[in-house]
Amino acid sequence: MRSTFSGLNTMVRGVFANQLSLDTVGHNITNASTEGYSRQSVNQAATRALEVPSIYGNVLVGSGVDAMSLQRARNVYADKQYWAETSTHEYYKAAQVNYDKLEAIFDDSDKTGVLNAMQDFYKAWNDLSVDASIDSKRVTVVGKANIFADKVKTAASQLQDQINAQYDDIRISVSTVNDINAQIVELNKNIMTAEATGAQANDLRDQRDLLVDKLSAYMNLNVYEDDKGMYTIVSNGISMVNGINKLTLEMSDPYANKTYGLNDYSILIKESGIAFIPQNGSMRAQLDTIAEDKTYIDKLADMSAFMLTVFNNMHQQGAGIDGTDGKLGTYTNQTTTYAGPTYGINFFGDHNTLYEWDNDKQCVVARELDATQTITHSLDMEVVKDADGNPVLDVDGNPIYRPVVKIEGTEVANSLVELDGMNIINALAINEKITAAGGTSLIAARTLAVEKEIDEADGSYTGSSVPTVNGSGDGTNAVNLSHLFNIDLSNITTTATINYTSQNVPSKDIPVTKEENRPTGKISLNAFYNSVMSDLGTNAKSIDTKESAQDDLITQIVNWRSSTSGVDWNEELTNMITFQKGYSACSRCLTTMDEMLDRLINSTGVVGR
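For the protein, the name recorded in an unreviewed UniProt entry is Flagellar hook-associated protein 1, with Selenomonas ruminantium as its organism.

In structure tokens:
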């Protein structure tokens, strides 16, 4: 049977339900600007009805309302999408920052970069080819060579600093990830305890999801929730967080990377010692950008290797302006009586070291000759052949020869070194013989040639030829050296000069194509550098475009999430008015019922008193 006072209970429930709803609205409004907060609402349900007899049988009379739970508005699909796309967005952002730094290192807009130094070095050789005997032009060549080598080394050093800074950033990221994982584990514990009685720990869940938001910026992850409300977070197949357990990341001990002149590190899982490599996020970008920065050191090393091998080889084929031309011949490092011009020396690198490019290993092979033993510089001749391998003949049908410089000596034991990376760049220095006092006269601006021997009696060709050297004003080899900057290998010709002066016939240059492996491939040094910079610009632009598109996608997902979990002031104020009116109505109804009961109890049934 329905109680006399059941109506009062009904209204009291209404008052409490509306009061709880108003409190929840207030909680939403005060946390409207709280990061990661999700809008909450009260789930209400009608309480169990009371059975009351009527003329046609029993009827069920409602007994009011009660709050079932406080539920937060959350779209789990939007969350998963946000976590997946945030890691990609942070990857692009980190890569974008690295490209900005690379563009700053190789910035040639202010005429102080590698490109300008290389162009000035080229111009110095070009000027020397015109005035090969003027010492000031030779001094300029040395000065511009020093600047060029310094710019290459400076750029490489800045790349090393950038890589070291990236490792410092990774170290900070590892520490941050560990802190986030530890907080998620604590929240897992608290949520499990709070929800053991069936309640919803909404604010704790918001805090945990916000931590997952931040964690997704560092790595790719998948999130799973168990029946106790605890999260399991998996990245790259490894459970970083599993309920109340977690893994700890750490940086490995440094291991020296001699190629790039720095210490490398790996990210390890402390509990197992195995390497951890995220598949996305800022941490993966940091690892990838380190590898990319090393490729730019490799590009600078290729340019340096070009100078140590191709440029040096061409320089060896020319002669300085020291000595007497008529006494050109074989000389050794231990001969003090040689009076002819110097030839066969390096422009860059050590004076007694021969540098060769190993195309298979992509390194410079350096062979040091023992200076305490005899190192012989001699001239030989070889028949000039065309691109098909056939001998090139002069107008009389005789084979044409060209000079060949030979450098022979005893290698220092165990001195053969394969240079790569920073080791090549560090070796890029002007030969100390050239930088010494009076050493500029050793710069091989003029070329060696082959001269036919003429019979003095009748002026006929004897069939013999001898190596010779052009006059001191000749800058042919300087021209050849300057060509290395701008002419592709497919267009380069090795020139064999035949001197017909004795026959009153001008010299004749026979172009012969010569294929060879070079650090820069088949393109010129200038084209190589420009292609590297073009790739840098293209890649940087591509990353900018991807980052912009990903940012737009993230904005859409954030709006999608906010439409569900965000606090809308208009909606909350509308709810506030609704619940306020409901609270007032229930209170007024409660007062009315109270007056009715007061009348029934205290003002009726007074007859007979």
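Back to the write-up after that little detour.
Novice: Break down the pairing of strand β5 (residues 222-225) for me, citing the residues and quoting the values.
Specialist: Looking at chain direction, β5 and strand β6 (residues 231-235) are connected through four bridges and run antiparallel. Pairing of E225 across the sheet is with Y231, part of β6. Where β5 folds back onto β6 in an antiparallel hairpin, the turn is made up of five residues, including G229, whose phi is positive at roughly 85°.

Novice: Mind laying out the UniProt feature "domain: Flagellar basal-body/hook protein C-terminal" (unreviewed entry) in the protein, listing which residues take part and the relevant values?
Specialist: As annotated in UniProt, the feature "domain: Flagellar basal-body/hook protein C-terminal" (unreviewed entry) corresponds to residues 563-602 in the numbering used here. Within residues 563-602, the helical portion is 92% and the strand portion 0%, while the C-alpha atoms at the span's ends are 56 Å from each other.

Novice: Describe in detail the pattern of salt bridges, supporting the description with residues and values.
Specialist: Inspection of every chain in the model, using the stated rule, returns 21 salt bridges. Its salt-bridge partner being E418, residue K361 comes within 2.8 Å of it at the nearest N-O pair. Remark: E418 occurs in strand β19 (residues 417-419) and K361 occurs in the loop between β15 (353-358) and β16 (363-368); sequence separation between them is 57 residues. The partner of K406 in a salt bridge is D380, and the shortest N-O contact between them spans 3.0 Å. Of this pair, K406 sits in strand β18 (residues 401-408) while D380 sits in strand β17 (residues 376-383), and the two are 26 residues apart along the sequence. What makes K406 partly exposed here is its relative accessible area of 34%. Look at D380 and you get partly exposed, because its relative accessible area is 32%. Residues joined by salt bridges that share partners form a network here, namely R72, R74, D79, D206, D209, D213 and R561.

Novice: Account for the environment of N390, naming residues and giving values.
Specialist: Following the sequence through the fold, N390 ends up in the loop between β17 and β18. Here N390 is in contact with V384 and K385, once residues within four sequence places are set aside.

Novice: Talk me through the side chain of N280; I want residue IDs and the actual numbers.
Specialist: Within the fold, N280 resides in the loop between β12 (267-269) and α6 (281-316). A polar contact of 3.0 Å, which involves the side chain of N280, links it to the side chain of T88. If sequence neighbours within four positions are ignored, N280 has contacts with S87, T88, Y91, Y218, M219 and N220.

Novice: Describe the packing of aromatic side chains, with residues and values.
Specialist: Tallying each qualifying case throughout the model produces 18 aromatic pairs. Aromatic pair F106 and Y296: ring centres 5.9 Å apart, planes at 40°, arrangement tilted. Of the two residues, F106 is situated in the loop between α2 (76-105) and α3 (114-130) and Y296 in helix α6; the sequence distance between them amounts to 190 residues. Relative to F348, the ring of F347 has its centre 5.0 Å away and its plane inclined at 75°; by these criteria the two rings are edge-to-face. On the accessibility criterion, F348 (0% relative accessible area) is buried. Pairwise contacts between aromatic rings join F121, Y122, W125, F148, F311, F347, F348 and F485 into one cluster.

The rules behind each value
- Residues numbered from 1 in each chain as written.
- Predicted model: local features only at pLDDT ≥ 70, side-chain atom pairs only at ≥ 80, totals over all residues.
- Heavy atoms only, no water.
- Pairing = 2+ DSSP bridges.
- Helix = DSSP H or I, 4+ residues; strand = E, 2+ residues; numbered from the N terminus.
- UniProt positions renumbered as here; feature names shortened; annotations may be inferred.
- Salt bridge = Lys/Arg side-chain N within 4 Å of Asp/Glu carboxyl O.
- Buried < 20%, exposed > 50% of the residue type's maximum accessible area, 1.4 Å probe, protein only.
- Contact = heavy atoms within 4.5 Å.
- Polar contact = N/O pair within 3.5 Å; in protein donor to acceptor, adjacent residues only side chain to side chain.
- Phe/Tyr/Trp six-rings, centres within 6.5 Å; stacked < 30°, edge-to-face > 60°.

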